[in-house]
Amino acid sequence: MTRSLLTGLKRGLKHRCPNCGEGRLFTGYLKVRGTCEACGHENGRYPADDAPPYFTILIVGHLFIAPVLLFDFVWTASPVLVVGTVVPALAVVTLTLLPFVKGAVVGAHWATGTVKPLQ
């Protein structure tokens, strides 16, 4: 069976099992389901580690923080007001994006065959 990186990324972004695309990938917010409920594939063996937070910070930094710096509001308003509005919005965007990025990372590991070493 050939594993396509694009297929793994798409299924992971949808929070679905990268192997079958049917079963749910997570049991909670970020906890990867050990085995797929639909096909029985062992998804818990794909290490996400620090990649999802790193990629999330990279994406949010480029797509959110950089454009915010172009608004005059950031430079002319009270720092308390800027921090009080930008930081909560930044937290919401980051926490919303994180599970999608983690799903994509798990899908990429599935496609490339990267698994956790035996302990």
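Residues numbered from 1 in each chain as written. Predicted model: local features only at pLDDT ≥ 70, side-chain atom pairs only at ≥ 80, totals over all residues. Heavy atoms only, no water.

Student: Can you walk me through unusual backbone geometry in this structure?
Tutor: Most of the time, phi is negative for any residue but glycine, and the peptide bond is trans. The backbone of H15 sits at a positive phi, close to 60°, despite the residue not being glycine. Mapped onto the elements, H15 comes out in the loop between α1 (5–13) and α2 (51–68). A positive phi angle, close to 50°, is found at D49, a residue other than glycine. Along the polypeptide, D49 turns up in the loop between α1 and α2. Owing to a relative accessible area of 65%, D49 belongs among the exposed residues under this scheme. (Helix = DSSP H or I, 4+ residues; strand = E, 2+ residues; numbered from the N terminus. Buried < 20%, exposed > 50% of the residue type's maximum accessible area, 1.4 Å probe, protein only.)

Student: Before we go on, may I ask you to explain α2 in this structure?
Tutor: In an α-helix, one turn spans 3.6 residues; hence positions three or four apart end up facing the same way. Between its first and last C-alpha atoms α2 spans 25 Å; for 18 residues at 1.5 Å apiece the expected length is 26 Å, and the two agree. G61 marks where α2 bends most, by close to 40°. Buried residues of α2: P52, T56, V60, F64 and V68, and no others. Next to the buried residues of α2 lie α3 (72–76) and α4 (79–112). (Expected span 1.5 Å × (residues − 1). Bend = angle between axes of the 7 residues up to and from the residue. Contact = heavy atoms within 4.5 Å.)

Student: Would you mind showing me how to read the nonpolar core here?
Tutor: Across soluble globular proteins, you tend to see nonpolar side chains buried next to one another. Among the nonpolar cores identified, the biggest contains 10 residues, and these are L25, F26, V32, Y46, A48, V101, V105, V106, W110 and A111. Among all residues touching Y46, those that are not within four sequence positions of it are R3, H41, V106, H109, W110, T114 and V115. (Core = buried A, V, L, I, M, F, W, Y, C linked by side-chain atoms within 4.5 Å.)

Student: Help me out: how do you make sense of the pattern of salt bridges in this one?
Tutor: In a structure, side chains of opposite charge can pair up when their charged atoms sit close to one another. In this structure the tally under the stated criterion is 2 salt bridges. Put simply, R24 and E37 hold a salt bridge, and the shortest N to O gap is 3.1 Å. You can see R24 sitting in the loop between α1 and α2 and its partner E37 sitting in the loop between α1 and α2, a full 13 residues away along the chain. Residue classification places R24 among the partly exposed positions, given a relative accessible area of 43%. One salt bridge in this structure joins E37 and R33, with 3.7 Å as the shortest N-O distance. With a relative accessible area of 45%, E37 lands in the partly exposed category. Owing to a relative accessible area of 16%, R33 belongs among the buried residues under this scheme. Bridged by salt links that share partners, the residues R24, R33 and E37 form one connected network. (Salt bridge = Lys/Arg side-chain N within 4 Å of Asp/Glu carboxyl O.)

Student: Whenever I open this one, the state of the cysteines confuses me. Can you help?
Tutor: Linking two cysteines covalently through their sulfur atoms gives a disulfide. The full count for this structure, using the stated rule, is 0 disulfides. There is no disulfide at C20, and the cysteine sulfur nearest it, in C36, is 3.7 Å away. Residue C39 stays outside any disulfide, its sulfur separated by 3.7 Å from that of C36, the closest cysteine. (Disulfide = S-S within 2.5 Å.)

Student: Which parts of the structure should I look at to understand the packing of α2 against α4?
Tutor: Describing two packed helices takes the angle between their axes plus the distance from one axis to the other. The interhelical angle for the contact between α2 and α4, taken along N-to-C directions, is 140°, at an axis separation of 8 Å. The orientation of α2 with respect to α4, classified from their angle, is oblique. Like other packed secondary-structure pairs, α2 and α4 cross with a definite hand, here right-handed. In this structure, α2 contributes A51, P52, P53, F55, T56, I59, V60, F64, I65 and V68 to the contact, and α4 contributes V86, A89, L90, V93, T94, L97, L98, V101, K102 and V105. (Axes fitted to C-alpha atoms, helices over the stretch in contact; angles between N-to-C directions. Parallel < 35°, antiparallel > 145°, perpendicular 65-115°, else oblique. Left-handed = near helix turned anticlockwise from the far one by under 90°.)

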